[in-house]
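Tertiary structure, described
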Amino acid sequence: MKTVNIEFTLNGAKTKVTVPANMTLVHLLRKELGLTGTKIGCDKGECGACAVLINGKSMNSCLVLAAQVDGKEVTTIEGLENEGKLHPIQEAFIEEGAIQCGYCTPGMVISAKFLLDRNPDPTDDEIKTGISGNLCRCTGYTKIVNAVRAAAQKLKNAGGGGETR
Amino acid sequence: MEIGVKLYGEFKKYAPKDDDRISLDNGGTVAQALRSLGLNDRDLSYAMVLVNNIRVKFDRHLQDGDRMDIFQPIGGGAEKLYRYVGKPVPRIDARDKVTGRTKYSTDLSFPGMLWAKVKRSEYPHANILKLDVEKARKLPGVEAVLTADDIPGHNGFGIITPNWPVLCRDRVMYMGDAIALVAAVDEETAERACELIEVEYEELPVVTSPEEAMREDAPQLHEKGNIMHTMELRKGDVEKGLEEADVITEGEYSTQFMDHAFIEPPGGVGIYDEEEGILTIWCGSQYAFRDQLQIARAMNWDPRKIRVIGSPTGGAFGGKDEITVQIHLALLAYHTKKPVKLWWTREETLIVNSKRHPMKTKFKIGATKDGRFTAIDVDVTADTGPHDTIGAPILNLALESSPGPYQYPHSHFKGRSVYTNNAIGGEFRGFGAPQVVWGVEQEIAKLAGKLGIDPIEIRKRNALKLGDISSLGHTMQTSVGVTETLEAAENSDLWRNREKIIRELNKKHPGKLHGVGMASEWHAVGLGVGIPDFANIDLEIHPDGKIVLKTGAIEIGQGNITAYAQMLAEALEIDMERIEVAHGDTFKTPDSGSVTASRSVLVNGNAIIDGADKIKKRAILEAATILVEDPNNLVYEEGAVRSKSDAEKIVSIENIAEVCCRRNKPLQDVGANIMAISDKDFGDGLPHNYYTFITQVALVGVDLKTGQVDVLRAVSAPEMGKAINIHGVEGQCEGGVVMGQGYALYEDLKMEKGQVLTSNFTTYIIPTAVDAPDIETIIVEVPEKTGPYGAKGVGEAPTVPITPAIMNAVNNAAGIRINDLPITPEKVINALKAEKR
Ligand code: FES
Ligand code: FES
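Just so it is clear, the model here is predicted, and its values are computed rather than measured.

A contiguous patch of negative charge on the surface is contributed by B:Asp273, B:Glu274, B:Glu275 and B:Glu276. Looking at the secondary structure, you find B:Asp273 in strand S14 (residues 267-273).

What follows is the structure, encoded as structure tokens:
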């Protein structure tokens with residue numbers, strides 16, 4: 001099997017791995033690196049459960065080859081917490097009751113971060129569009145939209161704007 | 001002065017010893033009297049006091065010889081009454097979920113773990129003439145290839161009748177049937193090995209619908225024929241009832257296969273520990289203890305040597321109550337003696353897993369001029385696919401749900417569930433109700449229209465009340481909030497102002513018509529007469545202050561674990577942070593039954609209260625020896641036991657627990673509950689004793705050009721007794737509305753000659769955030785006195801009436817009716833054309 005050596009920044013840490021050339025990023029994360037916070041709901045780019053940030057942009061990691069992240073910066077759900085402190089988006093998801101089975105949650109939080117990084121003050125419609133690539137079967141999305149709205153407020157209060165961290 | 005006192009409810013614990021009088025300084029107030037009895041600030045905040053039968057404020061001065069009645073208003077004043085119950089308490093599992101730390105069964109991996117794949121049928125109906133696995137076995141990296149010959153026990157599973165083959169030997173009966181199992185060093189090798197398995201088939205005629213299956217010349221799918229199950233119920237004389245009617249409405253409806261579409265596909269890991277002889281299976285599940293038995297039956301093993309861990313699960317909705325990967329994992333782990341992982345793909349999930357049964361229903365309802373229902377006649381035919389699983393009770397509940405929460409003097413219900421070679425009909429949130437409520441709530445809307453009565457008004461006129469004899473003939477013994485949910489919906493902004501809302505939207509969006517519709521439902525809670533419907537929980541008080549609650553119930557996302565912690569914190573009057581909940585593990589937790597049938601708060605909640613009561617009683621007895629005090633003079637309060645007369649004498653439960661541990665009798669007990677049952681027994685688990693009632697309203701826009709229906713707003717008014725967690729109830733309602741919207745508009749597992757045509761999320765469409773309406777939940781509480789803190793259950797109902805409410809709204813908008821789900825743009829356009837003609 002053909003393998004490739006790649007070097008990338010994963011949640012802030014330099015990471016060097018040798019991976020099969022045909023391995024997707026989600027399998028690298030989950031099988032090789034043990035980062036199972038990134039989920040698989042379809043493995044085909046249809047559900048958003050596997051969303052991660054690649055150079056700040058939300059992507060379905062089941063559609064990205066591991067080799068493609070060579071030299072890039074990847075942030076997974078595990079990378080949002082900062083020294084035990086939750087990211088404001090994570091806090092808002094808890095406070096607003098936006099989590100049920102939680103299986104879509106990591107992908108949702110990643111999509112929300114991508115949205116708020118670009119658009120710190122989104123309308124409800126913009127929020128809905130921003131998370132429309134992430135399927136959730138439990139919540140009916142209401143509390144997820146509430147959470148993203150609340151997170152935007154939190155980030156604003158914290159004097160943020162632009163890149164949320 | 002002397003004051004007569006009588007205490008009620010929980011306040012009885014403050015009753016003066018051997019007396020019904022207290023003495024108080026002259027001129028003392030009610031508040032002083034209450035304090036002298038031992039009531040604390042929290043008690044005072046919700047106590048209700050009558051002095052000489054007149055309700056008084058606490059600053060009232062008492063006089064010698066006054067008589068006080070001191071009540072705890074049951075179920076009322078909830079805000080003040082409870083510290084955790086009825087609050088939007090954050091979920092205890094939320095932090096781990098939002099950080100990605102939660103390990104679902106499909107996240108687990110172990111050193112040396114193998115990956116498994118299942119070889120599945122290539123035909124919906126065929127004989128297996130030859131099965132050759134040799135090439136697959138020889139593929140490097142393959143560690144095991146198993147067939148029906150490798151099953152030591154019964155080759156079948158099924159909650160009711162175990163005729164779903166673990167691995168087919170002679171015949172396959174649908175596209176999801178399993179033929180062989182492979183375990184290999186990695187997923188790709190396992191997949192390749194599956195491709196190398198050679199099966200020679202003899203194709204058989206495919207039975208694609210119940211109508212076809214019931215024809216005389218139809219191929220017989222099972223020895224007993226093609227009818228899996230029939231059920232018939234009657235009350236009074238339906239013919240007579242229809243004769244008495246001034247108007248009669250009639251209609252036929254049909255529904256499609258629907259997939260649960262939980263986002264975590266079924267999967268897990270199995271490990272066989274040779275030394276201990278223990279098989280451990282981690283899997284998505286709804287009832288680990290039943291999985292354990294089903295595995296044991298197939299393995300011919302002692303179930304006590306099988307550990308199933310089913311919690312947490314990434315969504316289930318009924319679709320993980322039956323076996324998915326468990327037995328396959330057990331077989332492979334046992335044969336290979338290595339950890340094995342099996343995780344269905346999305347495609348496999350859509351093809352293999354059970355679905356919501358398609359049903360064809362016929363309704364006939366009669367009513368008098370003033371809108372009183374005189375009779376209902378219902379006929380239901382369900383497509384149950386080739387294997388039984390739990391199809392029979394689903395047909396039964398469809399019949400029970402079919403009249404809706406209304407009074408009919410005469411009724412007749414008849415149904416049959418029929419084998420086909422389609423997908424498997426199985427358990428799915430709603431359990432037969434969505435299919436029938438789709439019809440009955442349209443028929444009632446039609447009746448209201450014919451009679452010129454407002455649709456909510458006609459329902460109110462016929463609404464069931466506590467103590468009524470139901471349309472099936474049993475007594476409504478537990479809280480009935482039909483009228484209350486109808487009134488809540490009636491008073492919602494959307495309903496009250498619907499005309500204005502519609503007018504404005506029509507003006508703003510020419511080319512679209514808008515409309516508002518509503519529908520109601522009663523939804524059975526619990527398993528029904530004759531089916532073991534119980535929960536056990538274990539409670540442990542630890543000397544370090546930790547309180548451990550163990551329940552076999554599985555956290556499938558619904559929030560039950562948090563609700564349990566809330567109820568326990570309330571019962572023990574302690575901080576919720578002290579509680580740890582262990583769940584869903586056959587070796588570490590007791591059997592609490594399945595998380596199904598909206599039952600888990602009701603039955604586990606009562607078990608928790610029972611356990612807490614036992615702990616409190618025991619704590620008082622133990623404290624008596626520690627404090628050297630008469631136990632009758634001790635009360636349990638806020639996590640401690642204290643003397644009624646001596647403020648110095650107080651000991652916390654953790655200190656009591658410490659003494660108990662030293663004495664080798666830890667402070668722990670078992671809480672138990674058996675669900676109360678109906679006064680009637682119609683057989684086969686009917687009827688039920690508890691119901692959720694719900695009314696839902698939808699606002700839709702119908703695009704006259706494209707036929708597309710959008711749901712813009714929705715209101716849910718559920719009556720679930722008492723909401724334990726506000727976020728939890730709202731969450732069930734919001735998720736339920738959107739799932740019911742998917743059923744109404746998009747979701748359709750299309751089958752053609754037994755083949756599934758929609759085996760991914762690109763063709764099987766579930767609603768996204770953009771599709772979902774704005775949802776308002778109006779929680780209606782009619783506390784049920786036999787429920788924990790007045791609660792019943794709410795898991796299923798919110799996904800049911802929204803579907804016909806959407807259709808009723810489309811009818812309100814455009815004057816059309818569509819009887820077969822889903823309401824696709826094409827059907828809308830055709831109906832609009834027909835309407836114009
Ligand atoms: S798992 Fe990647 S989009 Fe579904
Ligand atoms: S919370 Fe279960 S899928 Fe979103």
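We are not done yet, so read on.
Turning to the sheet that holds strand S27 (residues 650-652) of chain B, a few remarks are in order. All names here are of chain B. One open sheet holds the three strands; their spatial order is S25-S26-S27, and the pairing between them is antiparallel. In the strand order of this sheet, the two ends are held by strand S25 (634-637) and S27, each with one partner. This sheet shows a mean twist of 20° between the axes of neighbouring strands, independent of strand direction. The pairing of S25 with strand S26 (residues 640-643) spans four bridges and is classified as antiparallel. Across the sheet, Tyr636 pairs through a bridge with Val641, a residue of S26. Against the sheet, helix H20 (residues 653-662) contacts S25, S26 and S27, and its axis sits at roughly 75° relative to S27.

Each side of the interface is counted separately: chain B has 54 residues, and chain A has 46 residues. Across the interface of chain B and chain A, roughly 3,900 Å² is buried in total on both sides, 56% from carbon and sulfur atoms. Summed over the three residues of chain B that lose the most area to chain A, namely B:Val98, B:Ile263 and B:Ala769, the buried surface amounts to 18% of that side. At the surface where chain B touches chain A, the tally comes to nine salt bridges. The shortest N-O distance in the salt bridge between B:Glu734 and A:Lys143 comes to 3.2 Å. Scanning the region where chain B abuts chain A turns up 27 residue pairs in polar contact (both at pLDDT 80 or more). For the side of chain B that touches chain A, the elements supplying multiple residues, two or more each, are helix H4 (94-98), helix H21 (726-745) and strand S33 (774-777) of chain B. The leading source of residues in the side of chain B that touches chain A is H21(B), at eight residues. Along the lines of polarity and charge, the residues of the side of chain B that touches chain A split into 24 nonpolar, 16 polar and 14 charged.

In this section: the pattern of salt bridges. Applying the stated criterion to the full structure yields 62 salt bridges over all chains. The partner of B:Arg91 in a salt bridge is B:Glu555, with the nearest N and O atoms 3.3 Å apart. Residue B:Arg91 is found in the loop between helix H3 (78-81) and H4, and its partner B:Glu555 is found in the loop between strand S23 (547-551) and helix H18 (560-572); the two are separated by 464 residues along the sequence. The same class applies to B:Arg91 and to B:Glu555, which are both buried. Ionic pairing is found between B:Arg234 and B:Glu232, a salt bridge with its closest N-O pair at 3.1 Å. When its relative accessible area of 55% is taken as the criterion, B:Arg234 is described as exposed. For B:Glu232, a relative accessible area of 38% gives the class partly exposed. Each of A:Lys31, B:Lys117, B:Glu187 and B:Glu191 takes part in salt bridges that share partners, so that together they form one network.

Right, let's talk about the domain arrangement of chain B for a bit. Residues and elements named next belong to chain B. Once the domains are mapped, chain B shows domain 1 (2-71), domain 2 (108-204 + 273-343), domain 3 (355-528 + 681-836) and domain 4 (534-674). Using only C-alpha atoms to locate each centre, domain 3 and domain 4 end up separated by 39 Å. Contacts between the two partners involve 20 residues from domain 3 and, on the opposite side, 16 residues from domain 4. For domain 3, the biggest contributors to the area lost against domain 4 are Ile724, Pro788 and Tyr789; these three give 39% of the whole. Our count for the contact surface shared by domain 3 and domain 4 stands at zero salt bridges. Scanning the region where domain 3 abuts domain 4 turns up eight residue pairs in polar contact (both at pLDDT 80 or more). Of all the elements, strand S21 (residues 512-525) adds the most residues to the side of domain 3 that touches domain 4, at three residues. Per-class residue counts for the side of domain 3 that touches domain 4 are nine nonpolar, eight polar and three charged.

Below, the discussion takes up the domain arrangement of chain A. When the parts of a complex come together, some accessible area is lost, and that lost area is often taken as the interface size. All names here are of chain A. Domain boundaries assigned for chain A yield domain 1 (3-78) and domain 2 (88-157). A separation of 22 Å is found between the C-alpha centroids of domain 1 and domain 2. On the domain 2 side, the residues contacting the 17 residues of domain 1 number twelve residues. For the pair domain 1 and domain 2, the two sides together bury roughly 1,200 Å², of which 65% comes from carbon and sulfur.

Residues and elements named next belong to chain B. In space, the four strands of this open sheet follow the order S24-S23-S22-S28, with mixed pairing throughout. Where the open sheet ends on each side, the last strands, each with one partner, are strand S24 (579-583) and strand S28 (668-674). Each adjacent strand pair in this sheet contributes to an overall mean axis angle of 20°, direction not counted. Contacts from helix H19 (residues 600-627) reach strand S22 (534-541), S23 and S28, with the element oriented near 145° to S28.

This brings us to the confidence of the model for chain B. Residue and element names in this part refer to chain B. On average, residues of chain B carry a pLDDT of 96, and 99% of them reach 70 or more. Confidence drops under pLDDT 50 across residues 75-80; counting only partners more than four residues distant or on other chains, this segment forms eight contacts. The ipTM for the predicted assembly is 0.97, set against a pTM of 0.92.

Take helix H10 (residues 326-336) of chain B next. Residue and element names in this part refer to chain B. Burial analysis of H10 places nine of its eleven residues in the buried class, which makes it a mostly covered element. Residues of H10 that are buried include every one of Gln326, Ile327, His328, Leu329, Ala330, Leu331, Leu332, Ala333 and Thr336, and no others. Just downstream of H10, Lys337 is the residue with a positive phi angle, here 60°.

With that out of the way, let us pick up the pairing of strand S1 (residues 2-7) of chain B. Across a regular strand the side chains alternate sides, sitting on one face of the sheet and then on the other. Residue and element names in this part refer to chain B. In the sheet, S1 pairs with strand S2 (residues 21-23) via three bridges, with the strands oriented antiparallel. The residue of S2 that forms the bridge with Gly4 is Arg21. Both S1 and strand S5 (residues 67-71) contribute to a ladder of four bridges, which runs parallel. Opposite Val5, over in S5, you have Met68 as the bridge partner.

The subject of this paragraph is H18(B). Residues and elements named next belong to chain B. Between the first and last C-alpha of H18 there are 18 Å, a value that for 13 residues agrees with the 18 Å anticipated at 1.5 Å per step. Across the 13 residues of H18, 13 count as buried, placing the element largely inside the fold. Among the residues trailing H18, Glu573 stands out with phi positive, at a value near 55°.

What counts, and where the lines are drawn
- Residues numbered from 1 in each chain as written.
- Chains lettered and ligands numbered in written order.
- Predicted model: local features only at pLDDT ≥ 70, side-chain atom pairs only at ≥ 80, totals over all residues.
- Heavy atoms only, no water.
- Patch = residues over 30% accessible without salt bridge, like charges linked within 9 Å, V, L, I, M, F, W, Y side chains within 5 Å.
- Areas by Shrake-Rupley, 256 points an atom, 1.4 Å probe, with all protein chains shown as cover.
- Salt bridge = Lys/Arg side-chain N within 4 Å of Asp/Glu carboxyl O.
- Lys, Arg positive; Asp, Glu negative; His and termini not counted.
- Charge placed at Lys NZ, Arg CZ, Asp CG, Glu CD.
- Helix = DSSP H or I, 4+ residues; strand = E, 2+ residues; numbered from the N terminus.
- Pairing = 2+ DSSP bridges.
- Axes fitted to C-alpha atoms, helices over the stretch in contact; angles between N-to-C directions.
- Contact = heavy atoms within 4.5 Å.
- Buried area = accessible area lost by both parts, 1.4 Å probe.
- Polar contact = N/O pair within 3.5 Å; in protein donor to acceptor, adjacent residues only side chain to side chain.
- Nonpolar A, V, L, I, M, F, W, Y, C, P; charged D, E, K, R; others polar.
- Buried < 20%, exposed > 50% of the residue type's maximum accessible area, 1.4 Å probe, protein only.
- Domains from an automatic or database assignment.
- pLDDT = per-residue confidence, 0-100.
- Expected span 1.5 Å × (residues − 1).

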